[in-house]
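# Close look at the chain arrangement
Take a look at the letters that make up each chain.
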Amino acid sequence: MSIKRSENFMRYVFRFDLYESTISRISSSLNSKLVADRASSQQAYVTCLLMFFTNYFSSIQFIVVYLADNQLINIMARSKKHLGRYVDPRTDFGWKFYFGREDNKILLIEFLNSLFHGEKIISDLRYKPVEHDGDYEEMRRVVFDLHCIGSDGEVFIIEMQQLFQEFFKDRAVYYTSRLINKQLARGKKGSDYYLPEVYFIGILEFDMDRNGSSGISRVTERPYFYDVALCDKLTKEIFYDKLGYKMISLPLFNKQPEELKTVMDQWLYLLKHLSTMDRLPSFLDKRIFGLIFEIGEIGKLTEEELMSYEASLKHKRDAESVFNSAKKSGEALGHAKGLAEGKAKGLAEGKAKGLAEGERKKALETAKAFKEMGLPIADIARGTGLSVEEVEKL
């Protein structure tokens, strides 16, 4: 940009909604300065221009210092951390931004219907409280990401889990059990035990059976999708059709655009890649996904929303970094212990113990740091894999 005359300076001031008040104060100060300096042409004066450019890849803040005799133009640039164009749904903020708002609940309805794939049709949802205290003081408090009731009374728990959790299956069963327990009023007499349908939906950023903990080899065309119900082990028939678990392991979903055959495929591709997209691609159904690209632009966030998103993104990245470091430390410790024992069995046991100890130590350190930063305890628990009670004791 070239500035030829001081009288033309003000036309380079661009007003942005987010910084309008700041720019107004700068403009007022500059006007006064220009008047004073015209009376003394021998003295150099300083004018400042604040501009923000946002493109698909980054936001650059320029501060231009301009001297009247054109001897110096000093441009200072500060690059903000790459945020992409669209809010990442795999952050806590992004997940609730897209799927946890009444105005956008059609997105959650469409997503759930893609998972059920005709097994049931969800026409409407009502959001319910996500925090549930125990009936007794010693009973554990639970906090869901999303909790909804369908138009037919069915209950949905929807969870986005970023980090590996060893007992995630236990947690899923515990969550559904807590809600089932709440369906029958305390003290109710009689033999009526009618229960609504209860479903747990989990979107996981890890392989739930990465260590082969299930002991079962899953031979399926969709290894990323777990569709679980109570079945008769001999006949393979559904024993109870009002309790189900549908879980997605995003790292195992590796389909390319030309391989997307179902609406669920499109949803999973979107969840995995939205943060790197710059427009709605032609292979995604605009009727379903148009709203996400309309509301998800980072440039449309309010100042408060942007701050919350950046904090959520930082939390996600920090938690992943700590987890990966703990994993490496645990593996190293386990390897050293195994070598000392000198046997294959000792190596395996030492590696597993070292990994567990390393992960837990790092998780506790991270949780303590997040707590000192003032992050919500429920978010810290979800991000580190610790319980709410463990975080509260730090």
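The coordinates are above.
Residues numbered from 1 in each chain as written. Predicted model: local features only at pLDDT ≥ 70, side-chain atom pairs only at ≥ 80, totals over all residues. Heavy atoms only, no water.

## Topic: the overall build of the protein
The line we're drawing: Only DSSP runs of H or I reaching four residues or more are called helices, and only runs of E reaching two or more are called strands; each is numbered from the N terminus. Summary of the burial criterion: residues with accessible area below 20% of their type's maximum are buried, those above 50% are exposed, and those between are partly exposed, where the area comes from a 1.4 Å probe applied to protein chains only. Contacts are residue-level and defined by heavy atoms, with any inter-residue pair within 4.5 Å sufficient. Shrake-Rupley sampling with a 1.4 Å probe provides the accessible areas, and residues are treated as covered by the protein chains on show and by no other component.
Per the secondary structure count, the protein includes 10 helices and 11 strands. With 394 residues in all, the protein has 42% of them scored as buried. Taking the intrachain contacts of the protein between residues at least 6 apart in sequence as the baseline, contacts between residues at least 24 apart amount to 55%. When the accessible surface of the protein is split by element, carbon and sulfur atoms take 53% of a total near 22,800 Å².

## Focus: the side chain of serine 275
Within the secondary structure layout, serine 275 lies in the loop between helix H5 (263-273) and helix H6 (286-295). Overall, the relative accessible area of 16% leaves serine 275 in the buried class. Apart from the residues lying within four places of it in its own chain, the contact partners of serine 275 are Gly84, Tyr86, Asp88 and Arg90.

## Examining the packing of aromatic side chains
Using the following cut-off: Two aromatic rings from Phe, Tyr or Trp, using only the six-membered ring of Trp, form a pair when their centres are within 6.5 Å; if the ring planes differ by under 30 degrees the pair is stacked, by over 60 it is edge-to-face, and anything between is tilted.
Counted according to the given criterion, the structure contains 22 aromatic pairs. With 6.1 Å between their ring centres and 80 degrees between their planes, phenylalanine 116 and phenylalanine 156 make a pair best called edge-to-face. A residue pair is termed long-range when its members are at least 10 positions apart, and phenylalanine 116 in helix H3 (residues 105-116) and phenylalanine 156 in strand E8 (residues 155-161) qualify at 40 residues. Each member of the pair phenylalanine 116 and phenylalanine 156 is classed as buried. Here the aromatic rings of tyrosine 269 and phenylalanine 283 are separated by 5.3 Å at their centres, their planes lie at 85 degrees, and the arrangement is edge-to-face. With tyrosine 269 in helix H5 and phenylalanine 283 in the loop between H5 and H6, the pair connects residues that are 14 residues apart, well separated along the chain. A residue is classified by how much of its surface remains accessible, and tyrosine 269, at 11% relative accessible area, is buried. What makes phenylalanine 283 partly exposed here is its relative accessible area of 29%.

## Concerning the environment of isoleucine 292
With respect to the element layout, isoleucine 292 can be found in helix H6. According to the relative accessible area criterion, isoleucine 292 is buried, its value standing at 2%. Expressed as a C-alpha distance, the spacing of isoleucine 292 and leucine 280, which sit 12 residues apart in the sequence, is 9.1 Å. Not counting the four nearest positions on each side in its chain, isoleucine 292 is found in contact with Tyr98, Leu107, Trp267, Leu270 and Leu274.

## Let's talk about the packing of H3 against H5
So the rule is basically this: Throughout, an axis means a line fitted to C-alpha atoms (over the contacting stretch in the case of helices), and angles, computed between N-to-C directions, take values from 0 to 180 degrees. Under this scheme an angle from 65 to 115 degrees is roughly perpendicular, one under 35 degrees roughly parallel, and one over 145 degrees roughly antiparallel; angles in between are oblique. It is the rotation of the near helix from the far one that decides the hand of a crossing: anticlockwise by less than a right angle makes it left-handed, clockwise makes it right-handed. Classes in brief: Ala, Val, Leu, Ile, Met, Phe, Trp, Tyr, Cys and Pro nonpolar; Asp, Glu, Lys and Arg charged; the others, Gly included, polar.
Running from N to C, H3 and H5 cross one another at 125 degrees; their axes reach a closest spacing of 8 Å. Classified by the interaxial angle, the pair formed by H3 and H5 is oblique. Handedness of the H3/H5 crossing: left-handed. Side by side, H3 and H5 meet where Leu107, Glu110, Phe111, Ser114 and Leu115 of the first sit next to Val263, Met264, Trp267 and Leu271 of the second. The residue inventory of the contact of H3 with H5, partitioned by class, reads 7 nonpolar, 1 polar and 1 charged.

## Looking at the pattern of salt bridges
Counted only if it meets this: Here a salt bridge means any side-chain nitrogen of Lys or Arg lying within 4 Å of a carboxyl oxygen belonging to Asp or Glu.
Taken as a whole and judged by the stated rule, the model has 21 salt bridges. With a closest N to O distance of 3.4 Å, lysine 96 and aspartate 92 form a salt bridge. Of this pair, lysine 96 and aspartate 92 are both found in helix H2 (residues 92-99), 4 residues apart, which corresponds to roughly one turn of the helix. When its relative accessible area of 27% is taken as the criterion, lysine 96 is described as partly exposed. Since its relative accessible area comes to 22%, aspartate 92 is described here as partly exposed. Among the salt bridges present, the one from lysine 120 reaches glutamate 154, with a minimum N-O distance of 3.2 Å. Taken together, the residues lysine 120 in the loop between H3 and strand E4 (125-127) and glutamate 154 in the loop between strand E7 (146-150) and E8 connect sequence positions 34 residues apart. For glutamate 154, a relative accessible area of 2% corresponds to the buried category. A network of salt bridges, in which partner residues are shared, links Asp88, Arg90, Glu205 and Lys316.

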